[in-house]
Amino acid sequence: MCGIVGYIGSGDAVPVLIEGLQRLEYRGYDSAGIAVAGRSGLKVHKRAGRVDDLVATLPKRHRGGVGIGHTRWATHGEPTDVNAHPHLDASGHVAVAHNGIVENAAELRAKLAAEGIDLVSDTDTEVIAQLVGIRAADMALEDAVREALSMIVGTYGLAVIDDRRPDRLVVARNGSPVVLGVGRGAHHVASDVAALVRHTDQVVHLDDHELAVLHADSYRTFTLDARPTDKQPATTEVTATAFDLAGHDDYMHKEIHEQPTTVARTLSGRLDRRFATAHLGGLDLSARDLLGVRRVKILGCGSAYYAGLAGALLVEGLSRIPADAETASEFRYRNPVIDADTLYVAVSQSGETFDTLAAVQEIKRKGGDVIGVVNAPGSTIAGECGSGVYIHAGPEVSVASTKSFTSTVVAFALLALHLGRVRDLGPGDGTRLIDGLDALPGAIDEVLRAEDAIATVAREVIAPAASAFFIGRVRGYAVALEGAQKLKEVSYIHAEAYPAAELKHGPLALVGPEVPTVVVVPDDHLLDKNLASVEEIRARRGLVIAVTDAPAGALGEGGTTGPGGDGRFAAVLRVPRTEPELAPVLLGVPLQLLAHHAALALGRDIDRPRNLAKSVTVE
Ligand code: F6R
């Protein structure tokens, strides 16, 4: 959510900043700006709109050896030119780009106003610029930043320059990521390695309450109270190719198609056939610890929460330990009882989601054990949890999660297998699941090969609708929730998910020929119940699309596989059969394609859905 870039070196900062902003645009895209300092002082250019709008209006003589840039997702103040970052102090010498929220901004604004400083924007960030500016005339920039931050309550990833000191760039972190990139004769800064990997693979992740001073040929890191921390660079595993479109028109499509590979990576080295279990090296819990677990509570937001719901079913089903999932934001605010014998699991693709992080901190504060199921290595939530399971899906650029959802469910299958085998799950079932997990990459590939048929359904049945229902029972319900989420995010078609049996308790009032319903029908003991729901919808002349792993004909569809079939279904989207516990992994994939192709048919900006941003680092 919001992206920061910075550069100091012997070259011109402007092209580096612009390229960095383009890489980070998925984190926020309602306005963007850069500030550079050079021989002719500080130059700032910022605009509401996309990075392309910024580039199109960039003055030719905008150059400088040090600079910062920002791409924004508005929290305080509308997305206007004035509210775009970087923000300046009243003297016009200091420029600041900021991610996070200044919670005491109103109070500090009033204080600044009383001192005669008029703020020009509606943002909380401008407060930081003014506080630094007041001090920077008389002290080193890093000391001015330090003093200003001592007055701030809230979170920040911060980059600051001062045109009177163009030999340095100061950055600081509290709750919002900041990564330094160590180059030759240049240093880079970003809120995400995505913006650095084209320049260097040597990175330094700042910790909370840490500050760094960068020069062209050196850097120093300190705590906020000025003690040196002497951070050494490490080689990042992330490569520049992870951020290429690789021939796809958008990242969502690319990431959907990466799933055979990313699921294989989630499984890699973790299937232990000898003991018919899963080996999870990052889980710092012995078999004895796991024997003591009486409950599993899974926490996450959005799609991570939905993956957690599927995960809870896997854990409870395989280990017979009661398990459930809850949204992290609700959990943290309801003063939850924390049990010593509950295993808490925080789920997050980015590892930076504020609500999930706050839930983790609340659990730890009350003495609970929490592990992470996280995609981004070295992220804040991964660090805060200390132990857990990385999903290894690789960087996810599309705002709509796809490959990370699938890999998270697979990671939960591994965790459930591991927990189950410590308990009552027999080796026969363990081996059955290992075989099923091993076959998933190939099975996902098979689903993807049916893309054309799914695209036709998306164009002909979903895209013309103003609204759609997604229903399912138990395993199918978690998939339905995620399917509805994907559709509304990228196509803007209103979509709601219900447990199938709930339809008749209210939502059925809306069903009719103009509202299609997607029914998720795993080939399990609830298949007939799902077909009964289908009949309730058909009796109201509603169109039904079934997504199933049941064999052809099992839904009474007479072999229909596309639109215009036998009248019972508008379409049946079939995925290969897998072990019943693993069915959600495959049933989710056609729904990703359905959402993608509906959005495409409607001409949506698939990778940058309106009002959204990747990685929600604010409350
Ligand atoms: C949906 C989506 C969001 C995220 C949610 C949590 O496609 O991407 O709902 O799942 O914001 O994000 P992470 O997983 O980064 O904690």
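Given the structure is predicted, the values throughout are model-derived calculations rather than measurements. (Residues numbered from 1 in each chain as written. Predicted model: local features only at pLDDT ≥ 70, side-chain atom pairs only at ≥ 80, totals over all residues. Heavy atoms only, no water.)

Asks: What am I meant to see in the side chain of S467 here?
Replies: Here S467 shows up in strand β22 (residues 467-472). Side chain to side chain, S467 and H494 meet in a polar contact 2.9 Å long. When residues no more than four places from it in sequence are discounted, the contact partners of S467 are I493, H494, E514, V515 and P516. (Helix = DSSP H or I, 4+ residues; strand = E, 2+ residues; numbered from the N terminus. Polar contact = N/O pair within 3.5 Å; in protein donor to acceptor, adjacent residues only side chain to side chain. Contact = heavy atoms within 4.5 Å.)

Asks: Teacher, can you tell me more about the sheet that holds strand β21 (residues 388-390) here?
Replies: Sheet strands pair by backbone hydrogen bonding; their relative direction is either parallel or antiparallel. Taken in spatial order, the five strands line up as β18-β17-β19-β20-β21 in an open sheet, and their pairing is parallel. One side of each edge strand has no neighbouring strand; the edge strands of this open sheet are β18 (323-327) and β21. If you compare each strand with its neighbour and ignore which way they point, the axes differ by 20° on average. Pairing between strand β20 (residues 369-374) and β21: three bridges, direction parallel. Residue V374 lies in a different strand from β21, and its bridge partner there is Y390. (Pairing = 2+ DSSP bridges. Axes fitted to C-alpha atoms, helices over the stretch in contact; angles between N-to-C directions.)

Asks: Hey, could you run me through the pattern of salt bridges in this one?
Replies: Working definition: two side chains of opposite charge can pair if their charged atoms are close together. Summed over all chains, the structure comprises 39 salt bridges. With its nearest N and O atoms 3.0 Å apart, the salt bridge here joins E142 to R168. Taken together, the residues E142 in helix α5 (residues 141-149) and R168 in the loop between β7 (156-162) and β8 (169-174) connect sequence positions 26 residues apart. We note that E142, like R168, is buried. The partner of E326 in a salt bridge is K297, with the nearest N and O atoms 2.8 Å apart. (Salt bridge = Lys/Arg side-chain N within 4 Å of Asp/Glu carboxyl O. Buried < 20%, exposed > 50% of the residue type's maximum accessible area, 1.4 Å probe, protein only.)

Asks: Honestly, the packing of helix α3 (residues 105-114) against helix α4 (residues 125-136) in this entry has me stumped. Any pointers?
Replies: Helices that pack against each other are described as a pair by the angle of their axes relative to one another and the distance between those axes. One can describe the packing of α3 onto α4 by two numbers: an axis separation of 10 Å at closest approach and a directional angle of 45°. Here α4 runs oblique to α3, going by the angle between their axes. Relative to α4, α3 is oriented so that their crossing is left-handed. Residues A105, L108, R109 and L112 of α3 form the contact with α4, whose participating residues are V127, Q130, L131 and I134. (Parallel < 35°, antiparallel > 145°, perpendicular 65-115°, else oblique. Left-handed = near helix turned anticlockwise from the far one by under 90°.)

Asks: Quick question: what am I supposed to make of the domain arrangement of the chain here?
Replies: The extent of an interface is frequently quoted as the accessible surface area lost upon association of the parts. Assigned domains within the chain: domain 1 (2-243), domain 2 (248-445) and domain 3 (450-607). Relative placement of domain 1 and domain 2: their C-alpha centres are 34 Å apart. Across the domain 1 to domain 2 interface the summed buried area is about 880 Å²; carbon plus sulfur atoms make up 58%. In terms of surface lost to domain 2, no three residues of domain 1 exceed Y26, A242 and F243, which account for 46% of the buried area on that side. Remark: the boundary between domain 1 and domain 2 carries three residue pairs in polar contact (both at pLDDT 80 or more). In the side of domain 1 that touches domain 2, the residues fall into six nonpolar, two polar and two charged. (Domains from an automatic or database assignment. Buried area = accessible area lost by both parts, 1.4 Å probe. Nonpolar A, V, L, I, M, F, W, Y, C, P; charged D, E, K, R; others polar.)

Asks: Would you take a moment to explain the site of the ligand for this structure?
Replies: Looking at the ligand, there are 14 residues lining it, with S348, Q349, S350, T353 and E489 nearest. Take T353: an N or O atom from its side chain is 2.4 Å from an oxygen atom of the ligand. Within the backbone of S401, one N or O atom sits 2.9 Å away from an oxygen atom of the ligand. When isolated, the ligand has an accessible area of 400 Å², and the protein chains bury 89% of it. Among the elements of the structure, α9 (302-319) and α16 (475-491) are those that each provide at least two residues to the shell around the ligand. Looking at the shell around the ligand, its residues break down into four nonpolar, eight polar and two charged. Each of domain 2 (248-445) and domain 3 (450-607) accounts for three or more of the residues forming the shell around the ligand. (Near = heavy atom within 4 Å. Areas by Shrake-Rupley, 256 points an atom, 1.4 Å probe, with all protein chains shown as cover.)

Asks: Is there a simple way to explain helix α18 (residues 583-601) in this structure?
Replies: Residue pairs three or four apart in sequence face the same way in an α-helix, which turns once every 3.6 residues. Spanning 19 residues, α18 covers 28 Å between terminal C-alpha atoms, matching the ideal 27 Å at 1.5 Å per step. Where burial is concerned, most of α18 is hidden: 17 out of the 19 residues are buried. G603 sits one or two positions beyond α18 and adopts a positive phi of about 70°. (Expected span 1.5 Å × (residues − 1).)

Asks: Just to check I follow, could you spell out the packing of aromatic side chains for this structure?
Replies: Aromatic ring pairs are reported here in terms of the distance separating the ring centres and the angle at which the planes meet. Evaluation of the coordinates by the stated rule reveals three aromatic pairs. Ring centres of Y305 and Y306 lie 5.5 Å apart, and the angle between their planes is 45°; on these two criteria the pair is classed as tilted. Assigned by exposure class, Y305 and Y306 land together as buried. Between F469 and Y498, the ring centres sit 5.9 Å apart and the planes meet at 65°, which makes this aromatic pair edge-to-face. A residue pair is termed long-range when its members are at least 10 positions apart, and F469 in strand β22 and Y498 in strand β23 (residues 494-499) qualify at 29 residues. Residue class for Y498 comes out partly exposed when judged on its relative accessible area of 22%. Over the face of the ring belonging to F222 we find R146, whose NZ or CZ atom lies 5.3 Å from the ring centre. (Phe/Tyr/Trp six-rings, centres within 6.5 Å; stacked < 30°, edge-to-face > 60°. Lys NZ or Arg CZ within 6 Å of the ring centre and 35° of its normal.)

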